[in-house]
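Listed here are the chains, written in short residue letters.
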Amino acid sequence: MFLLFKLIRRTISALFLVVVVLTSYVIGKTWYTANHETIRKADLIVVMGAAQLDGRPGEVLIARLEESLRIYRKDLAPRIVTLGSSAPGDRFTEAGSGKNWLVQQGIRASNVTAISKGRDTYASILALRDVFDPAKTPDLIIVTDPYHCLRSMTIARDQGFTATCSPSRSGKASLGNAGVRYLIRESAAYLAYVTLGRHGIHISDHVA
């Protein structure tokens, strides 16, 4: 009986250690990715969706669009793709609102593609894959919040793309403003995705 109790205690301790180590590793990887930009020339700049307000991009989406505009003007890619559908009851989509904003900043409408499907990262990237074949336009620069970079790139790579990330530099989701809570939330969402796949994304997704 004593030996059985000792074995159970050791097993529980080992499992706890694994959970602690794995969680620490994922948090560290999410933080490292957010803080080490590795972009290069690509086929597409892809702006992940975020909330819009009756056709006007919200603060988080504006920050992402501004970053996409910055790297587009550096000729890092010839085309921008905006992602994101509408919330229930909305008249406008995130992708459409993003495209309109970019056109207002002087980008030719023919150089911006709005894909108005997907209310989460996984569904949005699947919608991207349905429009742009990874075999023909494989290289992406994903533009999103810093702590969202790791999960977005991982999902894109799983769909056959080669992806880097250019994180937004302003707004409440930037590195200077997001805080530990966002880091932990995105780390949990990444861990859920890599362990549970599509079924894990409901834990944390989509930013207002």
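Residues numbered from 1 in each chain as written. Predicted model: local features only at pLDDT ≥ 70, side-chain atom pairs only at ≥ 80, totals over all residues. Heavy atoms only, no water.

Asker: Can you explain the side chain of asparagine 111? Please cite residues and give values.
Answerer: Summarising the element assignment, asparagine 111 is placed in the loop between helix 3 (94-104) and strand 5 (112-115). Of the polar contacts made by the side chain of asparagine 111, one reaches the side chain of tyrosine 72; its length is 3.0 Å. With residues near it in sequence (within four places) discarded, asparagine 111 still touches Tyr72, Pro78, Arg79 and Ile80. (Helix = DSSP H or I, 4+ residues; strand = E, 2+ residues; numbered from the N terminus. Polar contact = N/O pair within 3.5 Å; in protein donor to acceptor, adjacent residues only side chain to side chain. Contact = heavy atoms within 4.5 Å.)

Asker: Explain the pattern of salt bridges residue by residue, including any values.
Answerer: On inspection of all chains with the given rule, the structure shows nine salt bridges. A salt bridge links aspartate 130 to arginine 129; the nearest nitrogen and oxygen atoms lie 3.8 Å apart. Residue class for arginine 129 comes out partly exposed when judged on its relative accessible area of 32%. Salt bridges here are not isolated pairs; linked through shared partners, they connect Glu37, Glu67, Arg70 and Arg169. (Salt bridge = Lys/Arg side-chain N within 4 Å of Asp/Glu carboxyl O. Buried < 20%, exposed > 50% of the residue type's maximum accessible area, 1.4 Å probe, protein only.)

Asker: Now, about the packing of aromatic side chains: what can you tell me, with residues and values included?
Answerer: What characterises a pair of aromatic rings is the spacing of the ring centres plus the angle enclosed by the ring planes. In total, this model carries two aromatic pairs according to the counting rule given. Ring geometry for tyrosine 122 against tyrosine 193: centres 6.3 Å apart, planes inclined by 50 degrees, an arrangement best described as tilted. Within this pair, whereas tyrosine 122 is found in helix 4 (residues 121-131), its partner tyrosine 193 is found in helix 6 (residues 175-196), the two being separated by 71 residues in sequence. Accessibility expressed as a relative area gives 7% for tyrosine 193, which makes it buried. Ring geometry for tyrosine 147 against tyrosine 182: centres 6.1 Å apart, planes inclined by 80 degrees, an arrangement best described as edge-to-face. Taken together, the residues tyrosine 147 in the loop between strand 6 (139-143) and helix 5 (149-158) and tyrosine 182 in helix 6 connect sequence positions 35 residues apart. (Phe/Tyr/Trp six-rings, centres within 6.5 Å; stacked < 30°, edge-to-face > 60°.)

Asker: Can you tell me about the sheet that holds strand 5, naming the residues and giving the values?
Answerer: Reading across from one edge, 5-4-1-6-7 is the order of the five strands in this open sheet, with parallel pairing throughout. Edge positions in the sheet fall to strand 5 and strand 7 (162-165), since each of these pairs with one other strand and no more. For this sheet the average axis-to-axis angle between neighbouring strands, irrespective of direction, equals 25 degrees. Pairing between strand 6 and strand 7: four bridges, direction parallel. In the sheet register, aspartate 139 faces strand 7, and the bridge partner there is threonine 162. (Pairing = 2+ DSSP bridges. Axes fitted to C-alpha atoms, helices over the stretch in contact; angles between N-to-C directions.)

Asker: Which residues make up helix 5, and what values go with them?
Answerer: In terms of burial, helix 5 is largely enclosed, as eight of its ten residues are buried. Turning to helix 5, its buried residues are Cys149, Leu150, Arg151, Ser152, Met153, Thr154, Ile155 and Ala156. Backbone geometry just downstream of helix 5 places glycine 160 in the positive-phi region, at approximately 100 degrees.

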